[in-house]
Amino acid sequence: MAAAVLLVCGSGCREKDGSGYIFKYDIAANPVTLDPQTANDSSAYEIIANLFEGLLKVDSAGDIQPAVAESYEVSEDGLVYSFKLREDIYWYDGRGFEAPCTAHDFVFAFQRLFKPATKSKTAGGFFCIKNAQAINGGTITDLSELGVEAVSDYELVITLEYPNPSFPVLLTTAPAMPCNEEFYRSTDGKYGLYGDAVASNGAFYVYKWNYDPWSSDNNNIIMRANAKNDENDTIYPYGLNFFIEEADSYQNFLDEQSHVYITSGAEAVRLLNMGYEYSESSNRVWGVLFNVKSDAFKSTALRQALAYSIDRDGAGTDTIGYEAARSIVPSSVKLGEEDYRELAGRDSYLALSGLLADNAFDKALGEVNKSDLTGMTLYVPDDDAIVEYISAVAQQWQARLNFYCNIKRLPASEYEKVLKNGDFDFIVADISGSFNSPYAYLSSFLSTGSGNYSGYRNPVFDMLMESAESAATAEESAELYFQAEETVTGDGVFIPLLGQSEYAFFGEDCQGIVYNPFSKTVVFREAKKF
C-alpha cells in the first residue's frame, strides 16, 4: 500500500513549496534526434534545453548566467575564455550510467561538432573558435588542434580565431552542450536517436520516448528529474511530459492538460483577457520584403520611393502586442551583455519624406516599364492587425505616389510556400532570430543566408556582417551591425513596419517556468505549482 501511495504521489502531487509536480507541454513534432551537435529542429531544442546544461545559460530576464561553469574570465583581446567548472554536475540516464560532467565532455562535444563526418548543420555558427572552420572543411585533420582544451578535469579554455562579442550567447545554445565520450561510444552510432541512447547532465533525463507516426495516441517524451543533479541543486518538478503533435494545443492549455502556451496576435489577446500569468517579448519585426529579381522591384529607386512614403504613426495600430517598428533588429536584442539598440544609438529606416519619395519614384519610372507596375499583388499573412496596418500603408502609397496594388491574405501553409519559393514581387514577412544577437536577425540578408528569400546580394553588407562578428569590442561590433542594418534598409530591400510581441502564458498557480523567446525553448528546472 505504501508503494502504491508513493507511485500515485510521484505522478503529480506536489509539496507545499510547489515542488514534486509533473509539468506538461505540447511540442509541434517528433524530434529527429536529441543529439545537440546534430539537432536542427525546434522540437529537439525544446527537449535538449531540459536535458542538457551548457557552460552558460539564459535566465528569466534574458541575462547570461553561469551553468556548468562556476565562473569564467575573458582575456583583454577577447580571444581566450577560461572556465572553472562546477564539480557537482553529473551525467545520468536512469538506467545505470552515472559519471561526473567534466571539461573533457565539452572538448569531445566541440570536436564532434566540427568533425566533417558529423555533418552538423549548426557548426558554422561556431567558426569563431580557433581552427574550427579548417577542421570542419578537412584542411586540419588533427582534432586536438581545435581551440578547446581541458586544462584539468574542471578547467576549460576556449581560444577564438577572432573576437566575437556574441560568443557567450552562443555557449547557451544546443550545439555547445557537452557530450560524454564513454556514453556516446556505448550507443553504437545511435546517440540521441531513441530514449536509451541519450544521457542527461541537466535537470531531467529521458524516461520514455514514444512515437508512432501512424497514430495520434500516446506520442510523448516522458522526462524525470536527474536525481544526481537534484542532490546539489534543487530540481523542483518531479518530471515533464512532452506531448507530440497534439491536435489542439490551445484547448489543451485551457483544460490544464498543458502548462505553457506560446502565442501572439488575436489568440494572445484572448488569453490576456482571461487573466493568465505571462511573459512578453517583442522579438519579431514585420515589414515589406521585396523580391529584388522581379521586373519592377529590381529598381532600388522604386523600393526606396515606397519606403519614403510611409507614415508609420499615421497607419497606426491600437491592437495589443503590436507597435510601429523603425529597425530590422528589435529593441529586445542584446549584443553580449549589452542592449544592441542602445549601443547603436539610433534606428535604421527610411523616414517619411514626400520630396525624397517623389524624386525616387520619378527615377524609378525611368528604370521600369509602367506595365510592370500594374496588377501587382502584395501577399500578407492571415493576421487581422497586420492586414489592417498594411491596408493603411497601401492607401498612403496610392495618395502619395499613385501606386496601386492588390492585397492578398494567405492562410499559413500557403503563405509559407509562397515566401520560401520566392513566388512574390513583394510580401509582408517577419524577421526573427534563433538566438539573442543582431547577427541572428540580419543573417537572413546575407548572400549565402538560408533565409534569404528576397534574392538580395550585396558584398558590402556581407563584409560588414563579417567585420561585426570579429570586432574587438561590443561598441565596434554594434556600429558595424548598424551599418549593415542601414545598408539593407537604405537599399529598400526590407521596410520595417510593425514590431510584434510574443507571449508565453503559464497555467494556473504555475511559477518559475522560463521561456526563451529567441531559441523558443521552455525550461522547467525551477517550475513550481501551488
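Going by the structure above, here's the rest.
All of the points below concern the structure found in this document. Note that the structure is a prediction, hence the values are computed from the model and not measured. (Residues numbered from 1 in each chain as written. Predicted model: local features only at pLDDT ≥ 70, side-chain atom pairs only at ≥ 80, totals over all residues. Heavy atoms only, no water.)

Scanning the protein for helices and strands turns up 18 helices and 25 strands. What you see for the protein is a C-alpha radius of gyration of 25 Å, in line with the 24 Å of a compact globule of 530 residues. Along the three orthogonal principal directions, the C-alpha set of the protein runs to about 80 × 55 × 40 Å. Relative to its full complement of 530 residues, the protein shows a buried share of 54%. In the protein, once contacts between residues fewer than 6 apart in sequence are set aside, the share between residues at least 24 apart is 68%. For the protein, the accessible area works out to roughly 23000 Å², and carbon and sulfur atoms hold 46% of it. Of the charged side chains in the protein, 39 are positive and 77 negative, and the gap between their average positions amounts to 4 Å. (Helix = DSSP H or I, 4+ residues; strand = E, 2+ residues; numbered from the N terminus. Rg over C-alpha atoms; globule rule 2.2 N^0.38 Å. Buried < 20%, exposed > 50% of the residue type's maximum accessible area, 1.4 Å probe, protein only. Contact = heavy atoms within 4.5 Å. Areas by Shrake-Rupley, 256 points an atom, 1.4 Å probe, with all protein chains shown as cover. Lys, Arg positive; Asp, Glu negative; His and termini not counted. Charge placed at Lys NZ, Arg CZ, Asp CG, Glu CD.)

Across all of its chains, the model carries 1 cavity of 30 Å³ or more by this definition. In this structure, the largest cavity spans a volume of roughly 30 Å³. Together, Ala 307, Arg 312, Tyr 349, Leu 350, Thr 489, Phe 494, Ile 495 and Pro 496 line the largest cavity. Counting residues per element, the lining of the largest cavity draws most heavily on strand S21 (residues 494-506), at 3 residues. (1 Å grid on protein atoms, 1.4 Å probe; cavity = no way out; pocket = protein on both sides within 12 Å on 5 of 7 lines; lining within 4 Å. Points joined across faces, edges and corners; volume = space filled by probe spheres on them.)

Moving on: unusual backbone geometry. Phi angles above zero are rare outside glycine, and Asn 131 is one such case at about 70°. With respect to the secondary-structure elements, Asn 131 resides in the loop between helix H3 (103-114) and helix H4 (132-136). For Asn 131, a relative accessible area of 15% corresponds to the buried category. Backbone geometry places Asp 188, a non-glycine residue, at a positive phi of 55°.

Right, let's get into the layout of surface pockets. In this structure, the second largest pocket encloses a volume near 430 Å³. Forming the walls of the second largest pocket are 29 residues, and the residues nearest its centre are Ala 61, Gly 62, Tyr 515, Pro 517 and Phe 518. Elements with a minimum of two residues in the lining of the second largest pocket: strand S14 (277-290), S21 and strand S23 (514-516). Among the elements that make up the lining of the second largest pocket, the one with the highest residue count is S21 (4 residues). Classifying every residue of the lining of the second largest pocket by side-chain character gives 13 nonpolar, 12 polar and 4 charged. (Nonpolar A, V, L, I, M, F, W, Y, C, P; charged D, E, K, R; others polar.)

Let us look at the sheet that holds strand S1 (residues 22-27). Across the sheet, which stays open at both edges, the 4 strands sit in the order S1-S12-S11-S10 with mixed pairing between neighbours. Each of the sheet's edge strands pairs with one partner strand only, and the pair in question is S1 and strand S10 (204-210). Mean inter-strand twist for the sheet, computed between neighbouring axes without regard to direction, equals 20°. Inspection of the sheet shows S1 paired to strand S12 (residues 239-244) by 6 bridges, in the parallel sense. (Pairing = 2+ DSSP bridges. Axes fitted to C-alpha atoms, helices over the stretch in contact; angles between N-to-C directions.)

With that settled, consider the sheet that holds strand S4 (residues 69-74). Here 4 strands make up an open sheet; going across it, the order is S4-S5-S9-S8 and the pairing antiparallel. In this open sheet, the two edge strands, each paired with only one partner strand, are S4 and strand S8 (148-152). Sheet twist, expressed as the average angle between the axes of neighbouring strands with direction ignored, equals 20°. In terms of strand pairing, strand S5 (residues 80-85) meets strand S9 (residues 155-159) through 5 bridges, oriented antiparallel. Note on S9: the bridge partner recorded for Phe 83 is Leu 156.

All right, on to the packing of aromatic side chains then. The final tally for this structure, using the stated rule, is 32 aromatic pairs. The positively charged end of Lys 529 is found above the aromatic ring belonging to Tyr 21, 5.8 Å away from the centroid. (Phe/Tyr/Trp six-rings, centres within 6.5 Å; stacked < 30°, edge-to-face > 60°. Lys NZ or Arg CZ within 6 Å of the ring centre and 35° of its normal.)

Before going further, it helps to examine a negative patch on the surface. Judged by side-chain charge, Glu 337, Glu 338, Glu 342, Glu 475 and Glu 476 come together as a negatively charged surface patch. Along the chain, the position of Glu 338 falls in strand S17 (residues 338-339). Looking at Glu 338, the relative accessible area reads 35%, which means it is partly exposed. (Patch = residues over 30% accessible without salt bridge, like charges linked within 9 Å, V, L, I, M, F, W, Y side chains within 5 Å. Salt bridge = Lys/Arg side-chain N within 4 Å of Asp/Glu carboxyl O.)

Another point: helix H18 (residues 474-490). Taking 1.5 Å of rise per residue, the 17 residues of H18 would be expected to cover 24 Å, and the 23 Å separating its terminal C-alpha atoms lies within 8% of that figure. Listed as buried for H18 are Ala 474, Ser 477, Ala 478, Leu 480, Tyr 481, Phe 482, Ala 484, Glu 485, Thr 487, Val 488 and Thr 489. If you follow the buried residues of H18, they end up packed against strand S16 (334-335), S17, helix H12 (340-344), helix H16 (438-442), helix H17 (459-469) and S21. (Expected span 1.5 Å × (residues − 1).)

Between helix H10 (residues 300-308) and helix H13 (residues 354-365), the least distance of the axes is 8 Å, while the angle of their chain directions is 155°. Accordingly, the angle class assigned to the pair H10 and H13 is roughly antiparallel. In terms of crossing hand, the pair formed by H10 and H13 is left-handed. Note on element contacts: H13 touches H10 through Leu 356, Ala 357, Ala 360, Phe 361, Lys 363 and Ala 364, opposite Ala 301, Leu 302, Gln 304, Ala 305 and Tyr 308. (Parallel < 35°, antiparallel > 145°, perpendicular 65-115°, else oblique. Left-handed = near helix turned anticlockwise from the far one by under 90°.)

Next up on the list: the pairing of S21. Of all 13 residues making up S21, 13 are buried, and the element is well covered by its neighbours. Bridge count for strand S13 (residues 260-263) against S21 is 4 bridges, and the pairing is antiparallel. If you follow Val 260 over to S21, its bridge partner there is Phe 506. One ladder, built from 12 bridges, connects S14 with S21; its direction is antiparallel. Within S21, the position partnered with Trp 286 by the bridge is Leu 498. Two elements, strand S15 (residues 322-324) and S21, share 3 bridges in a ladder whose sense is antiparallel. Looking across to S21, one finds that Ala 324 is bridged to Leu 498.

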